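Topology and contacts: notes
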Amino acid sequence: MEPLAAVAYRRCSTTEQHDSHLGLDAQEAAIRAETGRRGWVFAADYHDVASGKTTEGRGGLAAAADHARKVGGVLVASRLDRVSRDVIDFAMLLRRAEREKWAVLVMDMPVDTSTPAGRFAAVMMANAAELERNLISARTKEALAAKKARGARLGPRHHTDPAVLRRVTRERDAGKTWQSIADRLNTDHVPTTRGGTQWRVSSVQRAYQTARLDAEAEAIRVHLASAR
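This section reports on the structure supplied with the text. Treat the numbers as computed from the prediction; the structure is a model and nothing was measured.

1. Section: the side chain of Thr 192
- Mapped onto the elements, Thr 192 comes out in the loop between helix 7 (178-187) and helix 8 (201-227).
- Classification of Thr 192 as buried rests on a relative accessible area of 15%.
- A polar atom in the side chain of Thr 192 sits 2.7 Å from the backbone nitrogen of Gly 196.
- Here Thr 192 is in contact with Thr 197, Gln 198 and Trp 199, once residues within four sequence places are set aside.

Following this line, the structure appears as structure tokens:
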């Protein structure tokens, strides 16, 4: 059996660049040591100098995920917060990896989807993310109801055309980049969620996440039910 291809991903913020524990060089050394220990081939390396609040808008991470998808390899990060500090955002990445047949290894967490136990842990994390999303939704609805009861005027709710969501999902799942999808939507003069005329990478990613969340939640429920 051929060894797995390891695609390294590193991230630091501008304030962390000189920190010996969080800097890019330290992350690379840790990832190379771990992949060598496992007998994997160090295939590529990508990085971002950016906030870790979400995965949105990070070109290095997007390129690393695409590379892992193309070679059917493993995206390797030294720490969870190097990938994302948002559990829902990270769960979306895990579900994408599962769907596209590549794996994720986060060295400081029990997240290693190259193994059955790691895949189970990833499913549980995704399930926890769904619960968090539902709780946030419930709290938001309660807050809006309270504001309405006090006579506050609520702004309009924006909805993306379901046909646009299906289009974004279809093109992304076919391997199109975020930028190419945005460019095509702009060329076709497709209105944005807020009725604008300019699609950006971030707005395409939000549309994709909106389309996927309910589908992913259902997939998780089915997976857990079958595992009982």
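So much for the structure itself; the text now carries on.
2. Remarks on helix 2 (residues 59-71)
- Its 13 residues place the ends of helix 2 18 Å apart at the C-alpha level, agreeing with the 18 Å of an ideal helix rising 1.5 Å per residue.
- Every buried residue of helix 2 is listed here: Gly 60, Leu 61, Ala 64, Ala 65, Asp 66 and Ala 68.
- Taken from the residues just after helix 2, Gly 72 is the one with a positive phi, measuring 60°.

3. What about empty space enclosed by the protein?
- Within the structure shown, the criterion is met by two cavities of 30 Å³ or more.
- Put simply, the largest cavity is a space of about 260 Å³.
- In terms of lining, the largest cavity is formed by 16 residues, of which the most central are Thr 55, Leu 93, Arg 96, Trp 178 and Gln 205.
- Elements supplying a minimum of two residues to the lining of the largest cavity: helix 2, helix 4 (87-100) and helix 8.
- Among the elements that take part in the lining of the largest cavity, helix 4 stands out by supplying five residues, more than any other.

4. Here's the deal with the packing of aromatic side chains
- Scanning the model with the defined rule gives one aromatic pair in all.
- Between Trp 178 and Tyr 208, the ring centres sit 5.3 Å apart and the planes meet at 75°, which makes this aromatic pair edge-to-face. With Trp 178 in helix 7 and Tyr 208 in helix 8, this residue pair connects regions lying 30 residues apart in the sequence. Like Trp 178, the residue Tyr 208 is buried in the burial classification.
- The ring of Phe 42 has Arg 32 sitting right over it, with the charged end atom 3.8 Å from the ring centre.
- The ring of Trp 178 carries Arg 172 above its face, with NZ or CZ at 4.0 Å from the centroid.

5. What to know about the sheet that holds strand 3 (residues 74-77)
- The five strands are arranged 2-1-3-4-5 in an open sheet whose pairing can be described as mixed. Each having just a single partner strand, strand 2 (41-49) and strand 5 (111-112) make up the two edges of the open sheet.
- Sitting on the sheet, helix 1 (residues 24-38) touches strand 1 (5-12), strand 2, strand 3, strand 4 (103-106) and strand 5, and the angle it makes with strand 1 is about 160°.
- In this fold helix 2 packs onto strand 1, strand 2 and strand 3, with an angle of close to 160° to the strand it touches most, strand 2.

6. Side note on the nonpolar core
- Tyr 9, Leu 75, Val 83, Phe 90, Trp 102, Val 104 and Val 106 are the most contacted members of the largest nonpolar core, which totals 19 residues.
- At the level of secondary structure, the elements contributing two or more residues to this core comprise strand 1, helix 2, strand 3, helix 3 (80-83), helix 4 and strand 4.
- When sequence neighbours within four positions are dropped, the list of residues in contact with Leu 75 reads Val 7, Tyr 9, Leu 61, Ala 64, Ala 65, Ala 68, Trp 102, Ala 103, Val 104 and Leu 105.

7. Looking at the pattern of salt bridges
- One pass over the full model with this rule turns up 17 salt bridges.
- Residue Asp 66 is joined to Arg 69 by a salt bridge in which the shortest nitrogen-to-oxygen separation is 3.9 Å. Of this pair, Asp 66 and Arg 69 both sit in helix 2, three residues apart, which is roughly one turn of that helix.

8. A word on the environment of Val 104
- Topologically, Val 104 is positioned in strand 4.
- The buried category is assigned to Val 104, whose relative accessible area is 0%.
- Here the alpha-carbon distance between Val 104 and Val 7, two residues 97 residues apart in the chain, equals 9.4 Å.

9. Here's the deal with the environment of Arg 38
- When you line up the elements, Arg 38 lands in helix 1.
- With relative accessibility at 30%, the residue Arg 38 sits in the partly exposed group.
- Separated by 34 residues in sequence, Arg 38 and Leu 4 have C-alpha atoms that sit 9.2 Å apart.
- Setting aside chain neighbours within four positions, we find Arg 38 in contact with Leu 105, Asp 112 and Ser 114.
- Engagement of the side chain of Arg 38 in a polar contact is seen with the side chain of Glu 34, the distance being 2.7 Å.

Conventions we followed
- Residues numbered from 1 in each chain as written.
- Predicted model: local features only at pLDDT ≥ 70, side-chain atom pairs only at ≥ 80, totals over all residues.
- Heavy atoms only, no water.
- Helix = DSSP H or I, 4+ residues; strand = E, 2+ residues; numbered from the N terminus.
- Buried < 20%, exposed > 50% of the residue type's maximum accessible area, 1.4 Å probe, protein only.
- Polar contact = N/O pair within 3.5 Å; in protein donor to acceptor, adjacent residues only side chain to side chain.
- Contact = heavy atoms within 4.5 Å.
- Expected span 1.5 Å × (residues − 1).
- 1 Å grid on protein atoms, 1.4 Å probe; cavity = no way out; pocket = protein on both sides within 12 Å on 5 of 7 lines; lining within 4 Å.
- Points joined across faces, edges and corners; volume = space filled by probe spheres on them.
- Phe/Tyr/Trp six-rings, centres within 6.5 Å; stacked < 30°, edge-to-face > 60°.
- Lys NZ or Arg CZ within 6 Å of the ring centre and 35° of its normal.
- Pairing = 2+ DSSP bridges.
- Axes fitted to C-alpha atoms, helices over the stretch in contact; angles between N-to-C directions.
- Core = buried A, V, L, I, M, F, W, Y, C linked by side-chain atoms within 4.5 Å.
- Salt bridge = Lys/Arg side-chain N within 4 Å of Asp/Glu carboxyl O.

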